[in-house]
Amino acid sequence: MKLLRSMIDRPIAVMMLYLIFLVAGILSLLRLPLELMPDVEFPRLSVSTHWPNSSAEIVESFITAPIEAVCSGIKGVSFVSSSSEEGQSIITAEFTRGTNMDFAALELNEKLALVRDSLPHGASSPAIVKYVPKEFATGTLLSFYLYGDMPSAEIRRTAMTTMRGKLLSVRGVSAVQVVGGVEPVILIEMNPTLCQALNIEANDVSRAIREMRGPQSVGMVDKGDTRYTLRVENSITANDLENLEIQIGSQRCIRIADIGRVRVTHENPNHLRRLDGKPAIVIDIHKEAGANIIKTANRVYARIEEMKSQLDRLHFLKMHDQSEQIRIDLKVLASRALFSIMVIFLVLRFFLHGSSPLIILSTIFYALLITGILLLFAHMSLNILTLAGLALGFGMTVDNSVVVLDTIYHHHEMGYGAREASLLGCRQVFLPVLASTATTLAALAPLFYVQNEFQLYYHSFALAVSLSLLASLFVAFSLIPMLASRILPLSGSQKQGFGLDHLLAGKMVRWCLRYRALLLPLLLIILVGTGYLFTFIPRGSVWHIPERNGIDVAISMPEGADVGITDALAQEFERTCLADGLIERVTCEIFDEHALLQILFPEELERTGYPIILKEKLMMKAAGIGGVSVGVYGYGEGFQSGETDVMPLFNIKVLGYDYVRVKTIAEAVGKRLAQFARIHDIDTNSKGWSSREDASEMAVILNRENLNRHRMTCFAVLDQIQGHLRESARRHVIRLNDREYQLQLKMQGAEQFDLQQLRQLKVQNGHSVRLTDVADVRQRTTMPRIERENQQYQRLISFAYRGSSLQGQQFVDSIIKTTQLPAGFKLQGARTWGWMTKKETSQIEGIIALALLLVFMVTAALFESLRLPFLIILSIPLAMIGVVAIHLLTGRSLDRGAYIGIVLLSGIVVNNAILLVSHIQTLILSGVEQQQAVVQAALDRLRPILMTSLTTIVGLVPLIIQANDGSMWSSLALTTASGLTASTFLILLAMPALYTVFAK
């Protein structure tokens, strides 16, 4: 209180202090990094390895298994999962909480060095990548399509030579990646007849080229007292390659030009992109860490405008802009702040007169500035999570000031002078206000200790809200009493607010006290009914319809299809889309065996019948194509009916150490599911939108006995086979005319080489024999993808359930419990389409329980009682009445945002109860009879309770209105506002009656 008295008596010092806050706060907000997502670290590492032209089984055996063993031995690893598919292996290792991920990555890299040399020839070096959840994977700053009427190779060359360097020079840009197009290659085509006649193998040519290049660095050389690295400059031209001599026997040499030809061409594409039917590539631009996202994006846009004038036949189209979301968030925050401040001012003006509303509004301004200072010292950034926390806190930051100022005015109305009223008012509510802030902070505290992806979602948010509340508490007991002591008249006579509130509230409170024998059982019935209805609210997020109308065309070709054939079919659908000239954009991405077309319409046509007409045309074209799977999917409001209700909503995971048994169990469970009428769309090998049960590969099975009889080696046979293949695993890099090229060695006719020619191929080692004489060539079935968890094979069963999500989850639980499995195998539920897993649900329920415990401890410390805190905590079930009602009325699910809203409610709704019960206790201790004290306390605290609740609710309204219905923040705000609304009225009516029961 001495500090408070000194602040009231020394206004100039307080004004100078807040002037410092003003300057430092503005500078802090300007210096805070502006990011889309927080710079967070998640305890998970991924190891990615590529081995081109290798099946999933081979990748799993020779790459995934040894790397999995290394990952499992790293200190702190709690869970390891892997995925092996054709040409790629991905292993993910999760670590325990508190693991230093930099050291973990270093240890993993050191141990991977032990297995790198044992990996198969042609496999890439394992790459370690820190995990970022999809919601936080901001990826590139900007992505652009570069397209035009020229070959994709020429577009890529233009981007690499004339554009990439200019974009890299932009301040704030760290990297520029050009994705797509084809690279030039040096192709040496050899005549197979001449090679066979001269007994020349592709390996002989490769050896001659390696010797021709020679080493780049050969050692060190001294010059006086200085030692230099000796480097050999060996410039090679295409003419040098043609004249390169290959040793034949001991005395003869022959040039490459005599057995083939050397030419510069382009690699065979395996991935194509087009935009509106024209070849396209993608330019990805990354920003430097800590660079301002908006300023960097603006500089890139300015540089691109400069380059557009130099490009005649090429055009830019923005594909992705990370800064757009930040720009939108800042605009929304500004409009939300103005709206909230305006409505809060009207609310305060309704209850208070004079300059009081302006005094309280200053709390928001200075709390924001002080929070900016604290965020800067905490090394935080302004991002979507911290901005949401600040927006949510607009209404909450004025609560403390409202209570303090209203109590000061109450004492002023009782006849105290301005200075005395400020001192007495602050002294009376210091502990209740401190406890109210402490309960909110206590409810938020568990969010700092959550695990897994929850910590990424809520750590920054909880910190922003907590810092803003601490700032508002400081302002409420420093700036508010100083201003109130100067603005209030010297003697107390002014009446605030209106007069009917006390009359109506007094009658209602007395009525509730008189009929509490009827009121309390009725309230108990309502609470029990609320708890029962709560079980019917679905958990997790749901599928939301996109805002814009569009059509996706997914083409799946037969196994082994060539990218050229897939591209030709995709072009037919493109021509159908572009024929009318009414499409805004058609993007097409083509791979060997599948393609995806995405069609967008102009906004003026989205709500017409044209999208549906075009979809029917595409479906008719798809129906006329045999042997190919073509799916046409419409999304958006125009395609709402019947499109999204067939998605599988539930997953069951089968785990075991035997892949064949896992597959058998999954198929058996699928047959069992098919017996239930509510189950449909069962997939016993679910991997997303499309999956192939089995793939095929051609296997060359060498006969060791025959190889020995013909005095041939395995390496020699495989080397000769590779030269005839269209796509070969053999790769060389050569520097030609100061530019690096991929070097390919092929026999003439490799583009048309087929299976029959492979079987008839003659391999030689002094004498020639057919391949079938030393090997068996056969087709065999292989797995397209192998997934494992903790070295157990896993298989996913997906299905749709006709009924509520809660019933569906109960059905999944019953299937898991009643399925008999052999030892070493198990079933477990899996995350499905955004629905929360049991682990996540139990964790969030634990957070709520811990929040309640902390709130109980804070209130017990305030009242020096173990009984009254139970009365305070009853305000939380009262709030749940509003939460359940709003979710049932709107049909929304309890997603992550709603659960965190409940956590936040645990700290907010008890504030009103604390104010009321604390004042009752004060009046009783001063000698007032209990029933009169209960009524008087309800009347005295009516105005601050209504003001604090209304300002908080009003501060949440813009977040509810402007946020997307499916967003986490909209759900959080709606849950908080509905619960606070219900608890405010029920606390004012029921808490006095409940107090008389608990006081006994």
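To keep things clear, this report deals only with the structure shown in the data block. Remember, it's a predicted structure, so these values are computed and weren't measured experimentally.

1. Quick word on the overall build of the protein
And then number 1: The secondary structure content of the protein amounts to 35 helices and 30 strands.
And then number 2: Residue burial in the protein is summarised as follows: out of 1000 residues, 50% are buried.
And then number 3: If you take every contact in the protein between residues at least 6 apart in sequence, the share linking residues at least 24 apart comes to 80%.
And then number 4: Entry remark: accessible area of the protein is about 47,000 Å², with carbon and sulfur atoms responsible for 57%.

2. Here's the deal with helix 10 (residues 293-308)
And then number 1: Counted at 1.5 Å a residue, the expected span for helix 10 with its 16 residues is 22 Å, and the 23 Å between its end C-alpha atoms agrees.
And then number 2: Among all positions of helix 10, only Ile293, Ile294, Thr296, Ala297, Val300, Ile304 and Met307 are buried. Take helix 10 and look down its axis: the buried residues cluster within an arc of 160°, on one side only.

3. Description of the packing of aromatic side chains
And then number 1: Under the defined criterion, the tally for this structure stands at 17 aromatic pairs.
And then number 2: Here the aromatic rings of Phe144 and Tyr301 are separated by 6.0 Å at their centres, their planes lie at 90°, and the arrangement is edge-to-face. Of this pair, Phe144 sits in strand 5 (residues 142-148) while Tyr301 sits in helix 10, and the two are 157 residues apart along the sequence.
And then number 3: Of the residues examined, Phe144 reaches a relative accessible area of 4% and is grouped as buried.
And then number 4: Their ring planes at 80° and their centres at 5.0 Å tell us that Phe676 and Phe811 sit as a pair that is edge-to-face. Taken together, the residues Phe676 in the loop between helix 23 (659-673) and strand 21 (679-683) and Phe811 in helix 28 (residues 805-818) connect sequence positions 135 residues apart.
And then number 5: Grouping aromatic residues by their ring pairs yields a cluster made of Tyr18, Phe21, Phe365, Tyr366 and Phe474.
And then number 6: A cation sits over an aromatic face here: Arg788 above Tyr793, 5.3 Å from the ring centre.

4. Examining the side chain of Arg156
And then number 1: One can find Arg156 in helix 5 (residues 152-168).
And then number 2: A residue is classified by how much of its surface remains accessible, and Arg156, at 12% relative accessible area, is buried.
And then number 3: Within the structure, the side chain of Arg156 is placed 2.8 Å from the backbone oxygen of Gly180, a separation counted as a polar contact.

5. Quick notes on the packing of helix 14 (residues 399-413) against helix 17 (residues 479-487)
And then number 1: Running from N to C, helix 14 and helix 17 point in directions that differ by 30°, and their axes come no closer than 10 Å. Relative to helix 17, helix 14 is oriented roughly parallel. The hand of the helix 14/helix 17 crossing is right-handed. Residues Ser401, Val404, Leu405 and Ile408 of helix 14 pack against Ile480, Pro481 and Ala484 of helix 17.
And then number 2: Here the residues of the contact of helix 14 with helix 17 are counted per class, giving six nonpolar, one polar and no charged.

6. Thoughts on the pattern of salt bridges
And then number 1: Here the structure, examined in full by the defined rule, presents 20 salt bridges.
And then number 2: Between Lys617 and Asp580 there is a salt bridge, with the nearest N and O atoms lying 3.4 Å from each other. In this pair, Lys617 is assigned in helix 22 (residues 610-623) and Asp580 in the loop between helix 20 (563-578) and strand 17 (585-590), connecting sequence segments 37 residues apart.
And then number 3: For Lys617, a relative accessible area of 39% puts it in the partly exposed group.
And then number 4: Via salt bridges that share partners, Glu60, Glu68 and Arg788 belong to a single interconnected network.

7. Section: the nonpolar core
And then number 1: If you look at the biggest cluster of nonpolar residues, it comprises 102 residues, and the most contacted ones within it are Val404, Leu916 and Val917.
And then number 2: The biggest single contributor to this core is helix 32 (residues 896-925), with 17 residues.
And then number 3: Contacts of Val404, omitting those with residues within four sequence positions, involve Cys426, Val429, Val433, Ala476, Phe477 and Ile480.
And then number 4: Core analysis: the second largest hydrophobic core is formed by 35 residues, Val176, Ile304, Met380 and Leu467 among them.

8. Regarding a nonpolar patch on the surface
And then number 1: Taken together, the side chains of Ile12, Met15, Met16, Leu19, Val23, Ile26, Leu27 and Leu30 present a nonpolar region at the surface, about 800 Å² in accessible area.
And then number 2: Structurally, Leu19 is set in helix 2 (residues 11-31).
And then number 3: Classification of Leu19 by relative accessible area gives partly exposed; the value is 41%.

9. Examining the packing of helix 12 (residues 356-377) against helix 17
And then number 1: Relative to each other, helix 12 and helix 17 sit at 150°, their axes nearing to 10 Å. Classified by the angle their axes make, helix 12 and helix 17 are roughly antiparallel. Relative to helix 17, helix 12 is oriented so that their crossing is right-handed. Taking contact as the criterion, the partners of Ile359, Ser362, Thr363 and Tyr366 in helix 12 are, on helix 17, Leu479, Ile480, Leu483 and Ile487.

10. Comments concerning unusual backbone geometry
And then number 1: Not every positive phi belongs to a glycine, and Asp276 is a case in point at roughly 55°.
And then number 2: When you line up the elements, Asp276 lands in the loop between strand 13 (272-275) and strand 14 (278-287).

11. Examining the environment of Arg575
And then number 1: Within the secondary structure, Arg575 sits in helix 20.
And then number 2: Arg575 sits 298 residues away from Gly277 along the chain, and the two C-alpha atoms are 7.8 Å apart.

Here is what the cut-offs are and how they apply
- Residues numbered from 1 in each chain as written.
- Predicted model: local features only at pLDDT ≥ 70, side-chain atom pairs only at ≥ 80, totals over all residues.
- Heavy atoms only, no water.
- Helix = DSSP H or I, 4+ residues; strand = E, 2+ residues; numbered from the N terminus.
- Buried < 20%, exposed > 50% of the residue type's maximum accessible area, 1.4 Å probe, protein only.
- Contact = heavy atoms within 4.5 Å.
- Areas by Shrake-Rupley, 256 points an atom, 1.4 Å probe, with all protein chains shown as cover.
- Expected span 1.5 Å × (residues − 1).
- Arc of directions from axis to C-beta.
- Phe/Tyr/Trp six-rings, centres within 6.5 Å; stacked < 30°, edge-to-face > 60°.
- Lys NZ or Arg CZ within 6 Å of the ring centre and 35° of its normal.
- Polar contact = N/O pair within 3.5 Å; in protein donor to acceptor, adjacent residues only side chain to side chain.
- Axes fitted to C-alpha atoms, helices over the stretch in contact; angles between N-to-C directions.
- Parallel < 35°, antiparallel > 145°, perpendicular 65-115°, else oblique.
- Left-handed = near helix turned anticlockwise from the far one by under 90°.
- Nonpolar A, V, L, I, M, F, W, Y, C, P; charged D, E, K, R; others polar.
- Salt bridge = Lys/Arg side-chain N within 4 Å of Asp/Glu carboxyl O.
- Core = buried A, V, L, I, M, F, W, Y, C linked by side-chain atoms within 4.5 Å.
- Patch = residues over 30% accessible without salt bridge, like charges linked within 9 Å, V, L, I, M, F, W, Y side chains within 5 Å.

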